[in-house]
Each structure stands twice: as structure tokens, then as C-alpha cells.
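# A closer look at the structure
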Amino acid sequence: MSPEKVVIIGGGAAGLMAAEVLCETHEVHIYEKGKALGRKFLVAGKGGFNLTNAIYGEELYAKYQAPSFLQTALSGFDTKACRQWLAKLGIPTYTGTSGRIFPEKGMKPIQVLQKITDRLHQQNVQFHFQHEFVSFNENKQVVVQCRQQEITLSADYIVFALGGASWSVTGSDGTWTNAFNKTGIKTKPFQASNCGVNVAWPEEFKSAYAGSPLKNMQVSINDFSMKGEVLITEYGLEGNAIYPAVPEIREALKGKQTVYIQLDVKPQNTTDQLLDKLKGKNVQPKNYKYDFKLNALQLALLKLYTTKENYLSPELFCRQLKNIQIPITSLRPVEEAISTVGGIDTSEINPDFSLKADPKIYIVGEMLDWDAPTGGFLLQGCFATAYCAGKSIIAATKFTKL
Ligand SMILES: Cc1cc2nc3c(=O)[nH]c(=O)nc-3n(C[C@H](O)[C@H](O)[C@H](O)COP(=O)(O)OP(=O)(O)OC[C@H]3O[C@@H](n4cnc5c(N)ncnc54)[C@H](O)[C@@H]3O)c2cc1C
């Protein structure tokens with residue numbers, strides 16, 4: 001009996017993982033609208049290339065918004081399994097700061113991608129470049145376009161892995177939502193995640209400090225807190241202490257012109273410890289820099305967002321050090337974001353990532369509406385959903401053949 005045919009649409013991280021799982025048991029075809037595979041994967045590789053993270057179990061699940069939706073996938077292919085898979089492909093990894101897992105030093109992103117695709121070539125996965133998914137026809141079959149010609153695809157199973165909507169130059173532009181909406185599959189509008197935030201800096205402050213980092217900060221909003229680095233930019237703030245706060249900021253901005261985040265420039269000290277520094281001393285505002293070991297940027301921020309009365313009172317100033325209120329006006333545009341939320345509504349999806357409306361169609365990766373912070377959790381989520389879908393197809397296929 002000839003193997004069943006699986007069509008995967010989208011040749012990014014999730015599509016490649018689906019092919020990896022299925023290539024030994026099925027005839028696998030990848031349709032990709034661009035001329036190459038994994039372009040966003042390569043973009044990710046330009047910064048700190050976090051392939052996954054060292055945490056696992058409950059700690060891992062808690063990193064994801066919509067954890068119950070993703071938990072089965074994340075336990076079926078967790079961060080340890082991800083590292084084992086990478087090692088098997090010849091991609092050694094190491095654990096960096098905050099548990100981030102990187103490819104071994106000296107290994108370039110293109111080499112990582114090559115190792116993943118080499119195995120797919122060896123297993124005769126067939127690649128169809130410049131084929132763009134455009135619609136479902138009246139029989140709900142998938143239609144792709146290649147050189148202005150429309151082609152209807154037939155397959156036993158279809159896996160969609162079309163990505164989110166940021167960095168459209170990499171191919172993931174989110175235009176596919178129309179085709180799904182027309183067949184009655186609900187989608188949510190894309191919104192930026194893991195992105196910078198806009199702050200209306202005064203010109204003088206911007207020209208003096210844009211590009212300067214604030215290290216060892218604590219960013220808080222509502223019940224959320226994160227320690228790390230904050231970078232001052234022309235438009236506002238970004239950095240590893242800002243990105244994880246974006247879901248809270250996004251929620252808080254609903255219907256509001258401005259929301260405030262709290263910046264603690266002395267997270268290593270309690271307010272009482274800071275107040276102790278005042279005891280027995282005649283602390284003067286002109287000496288704050290030395291008394292509290294503040295740099296020029298920290299002082300400039302404090303001056304910007306502290307009332308004169310609070311600035312001139314050493315005690316009130318102490319309290320201000322742990323609570324600078326920064327006004328955020330909006331998130332940066334979707335196009336610039338590291339990842340997006342929105343896409344296929346999770347209520348449309350079965351636990352194995354097949355569509356409730358057609359269980360032979362699977363949806364994986366960032367095109368689903370879930371969220372996670374940077375640190376390897378995005379790729380891990382994409383890999384895990386695709387792995388789960390692939391395993392479900394194998395299980396269904398065995399069942400059919402029995
Ligand atoms: C600057 C940056 C840095 C990042 N760094 C990290 C990191 O260090 N660690 C981490 O975990 N994550 C990181 N990410 C996020 C991570 O790269 C993505 O979450 C992940 O690549 C998404 O995988 P995907 O397969 O779902 O989608 P994509 O990788 O976007 O792939 C989707 C594919 O589908 C194709 N496609 C789209 N529409 C169609 C269509 N209609 N027809 C046919 N093909 C189509 C696209 O061309 C693309 O090739 C980063 C992202 C960015 C932008």
C-alpha cells in the first residue's frame with residue numbers, strides 16, 4: 001500500500017517539524033510561498049538564537065498564555081525532547097543565561113537550518129517553492145497559486161503552518177486569515193507581542209539617551225514583575241524586562257490612552273534599606289548620584305517622572321527610586337514585533353491541533369492564538385504543536401490501515 005500523503009503549507013519552524021515527524025511514515029510535501037525555507041528562523045538567529053529553554057514541566061507550561069490549550073503538546077514534546085532532537089540532528093546546544101538554550105558556539109543559524117532540512121531531503125520530502133495558499137474552493141479543498149496559476153491540492157491530511165503576522169519580509173504576513181474566515185473558521189486580529197512600547201520622551205531626553213541600556217531593572221505592571229534590562233529607544237522602551245510585560249500592557253491599554261509601568265532602579269534594595277542610607281546623614285538632592293549610586297540616565301528618568309516635591313525630599317525620593325511611573329501610550333506596530341498573538345481562534349481547534357470543522361486539517365505554530373515570552377519559548381511552542389499534530393496523523397493513519 002502506498003503511504004498516505006500529507007501536504008504541509010508553510011516552510012518555517014513549525015512546518016519543518018511537522019515534516020520531520022511524518023517523513024518516515026508518509027509521503028510529505030511542503031508548499032512554501034517564498035523561495036526558501038525558514039526565513040524567520042534565520043532572522044531569529046541574528047539575535048540571541050534561543051532554540052528552546054532549560055525549564056520543563058509546570059514551570060514550562062506557566063510560560064504560555066492559553067496553557068491548557070498547549071499543555072498536552074508541551075508535555076508530548078518538551079524542552080528536553082527538543083534538545084535531544086537537535087542533538088540527534090547534529091546540533092549540539094548549551095544553556096546560557098536564564099536557562100536559554102543556544103546552538104553550540106560557532107554554529108551559525110544557517111547551519112542549524114541546514115541540519116534540519118538535510119534530514120528532510122534524505123527522507124524524500126518534496127518541496128514546492130513559490131506556491132502560495134490562497135483559498136479553499138467550494139469543496140473545501142486547498143488552492144495554491146504558482147506563477148498566476150491556481151492549483152487544487154489533494155492530500156489525506158493537510159497541515160497549515162503559515163506563521164503569525166510580523167516581519168512580513170520573512171513570508172509570514174497573516175493574509176491567510178481571509179481564506180479561513182470565508183469557510184467559517186474564526187480568527188482573531190493579530191496584535192504585537194514581545195515588542196517595544198511607545199513613550200513620548202521629551203526631545204532633550206531622547207537625544208541624550210536613545211540607545212542607552214538600563215541594567216538590573218525591575219519592571220512592574222499590576223501583579224506582573226520582571227527583572228532584567230530595559231533599553232531606551234527613539235520611540236520608547238524595549239528589552240528583555242519589557243517584552244514579557246507586553247501581555248499585561250496590551251490588556252491595560254484597552255480603551256485607554258496611557259497606562260503606567262513602574263520602574264524600580266534599585267530592585268536589589270528594599271525601600272527600608274534605601275531609607276537606612278539617609279540615617280545620620282544630611283543627604284542633599286545634588287548628592288543623590290553618589291548617595292544612591294545612580295548613573296546619569298537613572299537620574300534623568302527620575303527627574304522626568306518625579307514631582308519637584310518628591311525630588312527635593314530625600315525620603316520621598318528614596319521611595320521614588322523603586323517606583324518611577326513611566327507612561328506608555330501604545331505598543332509598537334505588529335510588523336516590528338518578535339511574535340504576534342491572534343490568528344486562528346483556539347476554540348476552533350481539537351487537542352491534537354486538528355480543526356473541529358475538518359479533523360484532517362491541522363493548524364500549528366504561530367498562526368494559532370497563543371502567547372509566550374522570548375527565551376526559546378516561541379520556537380518550543382511551534383515545535384511542540386507541530387510534533388503533536390504529526391503524531392496525531394501517524395496515529396490516525398495506523399488506525400485507518402488496521
Ligand atoms: C527578530 C526575531 C527574533 C526571534 N528570536 C527568537 C528566539 O531567539 N527564540 C524563539 O523561540 N523564537 C524567536 N522568534 C520567534 C520565532 O522565530 C517564531 O515564533 C517562529 O519562527 C514561528 O514559526 P512558524 O513556523 O509558526 O512561522 P514562520 O517561521 O513565520 O513560518 C511560516 C512560513 O509560512 C509561509 N507562508 C505564509 N503564508 C503563506 C501562504 N499563504 N502560502 C504558503 N506559505 C505561506 C511563510 O513564507 C513562512 O515561511 C523570533 C522572531 C523574530 C521576528
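Preceding this section is the structure that the text describes.
Because the structure is a prediction, the values reported are computed rather than measured.

### Considerations on the overall build of the protein chain
A tally of helices and strands in the protein chain yields 15 helices and 20 strands. In terms of principal-axis extent, the alpha carbons of the protein chain reach across some 90 × 40 × 35 Å. Out of the 402 residues in the protein chain, the part that is buried amounts to 53%. Residue pairs in contact within the protein chain that sit at least 24 positions apart in sequence constitute 68% of those at least 6 positions apart. For the protein chain, the exposed surface amounts to about 18800 Å²; the carbon and sulfur share of it is 50%. Looking at the protein chain, you have 43 positive and 38 negative side-chain charges, and the mean spots of the two groups are 5 Å apart.

### A short note on the side chain of His-26
Residue placement: His-26 occurs in the loop between α1 (13-22) and β2 (27-31). We classify His-26 as buried; its relative accessible area is 6%. The contact partners of His-26, leaving out residues within four places of it in the chain, are Pro-3, Glu-4, Val-6, Ile-393, Ile-394 and Thr-397.

### A short note on the site of the ligand
Surveying the vicinity of the ligand reveals 32 residues, the closest of which are Glu-32, Asn-50, Phe-133, Glu-366 and Leu-379. Between the ligand and Gly-48, the relevant distance is 3.0 Å, taken from an oxygen atom to a main-chain nitrogen or oxygen of the residue. A distance of 2.8 Å separates a nitrogen atom of the ligand from a polar atom in the backbone of Asn-50. Compared with its free state, where it exposes 1000 Å², the ligand has 96% of that area covered by protein. Sorting the residues of the shell around the ligand by element identifies α1, α2 (39-46), β7 (132-136) and α15 (377-401) as the ones contributing at least two each. Considering each element in turn, the shell around the ligand owes the most residues, four residues, to α2. Of the residues contributing to the shell around the ligand, the split by class is 14 nonpolar, twelve polar and six charged.

### A look at the sheet that holds strand β8 (residues 142-146)
Spatial strand order, β7-β8-β9: three strands in an open sheet with antiparallel pairing. A strand with exactly one partner marks an edge of an open sheet, and here the two such strands are β7 and β9 (149-153). Put simply, the sheet's adjacent strands are angled 35° from each other on average, direction ignored.

### Observations concerning unusual backbone geometry
We note that Arg-147 has phi near 45°; this positive angle belongs to a residue other than glycine. By the secondary structure assignment, Arg-147 is in the loop between β8 and β9. For Asn-222, which is not glycine, the phi dihedral falls at a positive 50°. Inspection of the secondary structure puts Asn-222 in the loop between β13 (213-221) and β14 (224-232). Overall, Asn-222 belongs to the exposed group, its relative accessible area being 57%.

### Concerning the packing of aromatic side chains
One pass over the structure, following the stated rule, counts 25 aromatic pairs. Both rings, one in Phe-77 and one in Trp-85, keep their centres 6.3 Å apart while their planes meet at 70°; by these two values the pair is edge-to-face. Judged by its relative accessible area of 3%, Phe-77 falls in the buried class. A residue is classified by how much of its surface remains accessible, and Trp-85, at 9% relative accessible area, is buried. Here the aromatic rings of Tyr-288 and Phe-317 are separated by 3.7 Å at their centres, their planes lie at 10°, and the arrangement is stacked. Here the residue Tyr-288 occupies a position in helix α11 (residues 288-291), and Phe-317 occupies one in helix α14 (residues 314-321), the gap between them amounting to 29 residues. Each member of the pair Tyr-288 and Phe-317 is classed as buried. Each residue in the set Phe-133, Phe-136, Phe-160, Trp-176, Phe-180 and Phe-190 is aromatic and connected to the rest through ring pairs, giving one cluster. Across from the ring centre of Tyr-56, 3.8 Å away, lies the NZ or CZ of Lys-80, which sits over that ring. Residue placement shows Lys-360 over the ring face of Tyr-157; its charged tip is 5.1 Å from the ring centre.

### A word on the nonpolar core
Ile-9, Phe-41, Phe-133, Phe-160, Phe-180, Phe-353 and Ile-363 are the most contacted members of the largest nonpolar core, which totals 82 residues. In terms of residue count, α15 provides more of this core than any other element does, eleven residues in total. If we skip the residues at most four places from it in the chain, Phe-160 touches Ile-9, Phe-133, Phe-136, Val-142, Phe-180, Ile-361, Tyr-362, Ile-363, Val-364 and Met-367.

Thresholds applied
Residues numbered from 1 in each chain as written. Predicted model: local features only at pLDDT ≥ 70, side-chain atom pairs only at ≥ 80, totals over all residues. Heavy atoms only, no water. Helix = DSSP H or I, 4+ residues; strand = E, 2+ residues; numbered from the N terminus. Buried < 20%, exposed > 50% of the residue type's maximum accessible area, 1.4 Å probe, protein only. Contact = heavy atoms within 4.5 Å. Areas by Shrake-Rupley, 256 points an atom, 1.4 Å probe, with all protein chains shown as cover. Lys, Arg positive; Asp, Glu negative; His and termini not counted. Charge placed at Lys NZ, Arg CZ, Asp CG, Glu CD. Near = heavy atom within 4 Å. Polar contact = N/O pair within 3.5 Å; in protein donor to acceptor, adjacent residues only side chain to side chain. Nonpolar A, V, L, I, M, F, W, Y, C, P; charged D, E, K, R; others polar. Pairing = 2+ DSSP bridges. Axes fitted to C-alpha atoms, helices over the stretch in contact; angles between N-to-C directions. Phe/Tyr/Trp six-rings, centres within 6.5 Å; stacked < 30°, edge-to-face > 60°. Lys NZ or Arg CZ within 6 Å of the ring centre and 35° of its normal. Core = buried A, V, L, I, M, F, W, Y, C linked by side-chain atoms within 4.5 Å.

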